Amino acid sequence: MALIWIYDVGAFCVGCSIGKHKMFKVVSPKKSWEGFFGGIVVTVLAAILLEMLVPAVDAILDMKEIIVLALVVSIAAPLGDFGESMIKRCYGQKDSSNLIPGHGG
């Protein structure tokens, strides 16, 4: 879960600051390729830090495994976002929840 949240924050920050090339305008008009790749970099770096600094993570996964996990999460997270966005668009909904106002998730 932590890696998914880290990816989302990294992709959002990078995409907002330098994102110009949109990924899939019809489904999710604000997602950019720059945000996607920035999210991957942030997630991999954060996973490496977690592996180095948190003994429980180091005991379960070695460095290669945590990097692979970070890459898998970084690719799966936006696919899940796009899937959810497609469902919301089918039903004419902007947000899937009102738990956190303004947050589409």
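Structure shown above.
Residues numbered from 1 in each chain as written. Predicted model: local features only at pLDDT ≥ 70, side-chain atom pairs only at ≥ 80, totals over all residues. Heavy atoms only, no water.

1. A short note on the pairing of strand E2 (residues 28-32)
- Where strand E1 (residues 22-24) meets E2, 2 bridges bridge the pair, whose relative direction is antiparallel. Across the sheet, the residue bridging to Phe24 is Ser28, located in E2.
- Linkage of E1 to E2, two consecutive antiparallel strands, is achieved through a turn of 3 residues. (Pairing = 2+ DSSP bridges. Helix = DSSP H or I, 4+ residues; strand = E, 2+ residues; numbered from the N terminus.)

2. Focus: the packing of helix H2 (residues 33-53) against helix H4 (residues 63-90)
- Contact geometry of H2 with H4 gives a least axis separation of 9 Å together with a crossing angle of 150°. Taken as a pair, H2 and H4 cross one another with a handedness that is right-handed. Contacts from Phe36, Gly39, Ile40, Thr43, Val44, Ala47, Ile48, Glu51 and Met52 of H2 reach H4 at Met63, Ile66, Ile67, Ala70, Leu71, Ser74, Ile75 and Pro78.
- Of the residues that constitute the contact of H2 with H4, the class distribution is 13 nonpolar, 3 polar and 1 charged. (Axes fitted to C-alpha atoms, helices over the stretch in contact; angles between N-to-C directions. Left-handed = near helix turned anticlockwise from the far one by under 90°. Contact = heavy atoms within 4.5 Å. Nonpolar A, V, L, I, M, F, W, Y, C, P; charged D, E, K, R; others polar.)

3. Quick word on the packing of aromatic side chains
- Applying the stated criterion across every chain yields a total of 4 aromatic pairs.
- When the centroid spacing of 5.8 Å and the interplanar angle of 85° are considered together, the rings of Trp33 and Phe36 count as edge-to-face. In this pair, Trp33 and Phe36 both sit in helix H2, 3 residues apart, roughly one turn of the helix.
- We classify Trp33 as partly exposed; its relative accessible area is 38%. (Phe/Tyr/Trp six-rings, centres within 6.5 Å; stacked < 30°, edge-to-face > 60°. Buried < 20%, exposed > 50% of the residue type's maximum accessible area, 1.4 Å probe, protein only.)

4. Some details on H2
- Compared with the 30 Å implied by 1.5 Å per residue over 21 residues, the 30 Å span of H2 between its first and last C-alpha is a close match.
- If you check which residues of H2 are buried, you get Glu34, Gly35, Phe36, Gly38, Gly39, Ile40, Thr43, Val44, Ala46, Ala47 and Glu51.
- Lining the buried residues of H2 we find helix H1 (2-18), E1, E2, helix H3 (55-60) and H4. (Expected span 1.5 Å × (residues − 1).)

5. Description of a positive patch on the surface
- On the surface, a cluster of positive charge is contributed by Lys22, Lys25, Lys30, Arg89 and Lys94.
- Positionally, Lys30 belongs in strand E2.
- The exposure class assigned to Lys30 is exposed, which follows from its relative accessible area of 75%. (Patch = residues over 30% accessible without salt bridge, like charges linked within 9 Å, V, L, I, M, F, W, Y side chains within 5 Å. Areas by Shrake-Rupley, 256 points an atom, 1.4 Å probe, with all protein chains shown as cover. Salt bridge = Lys/Arg side-chain N within 4 Å of Asp/Glu carboxyl O. Lys, Arg positive; Asp, Glu negative; His and termini not counted. Charge placed at Lys NZ, Arg CZ, Asp CG, Glu CD.)

So far we have only geometry, and geometry alone does not tell us how the molecule works.
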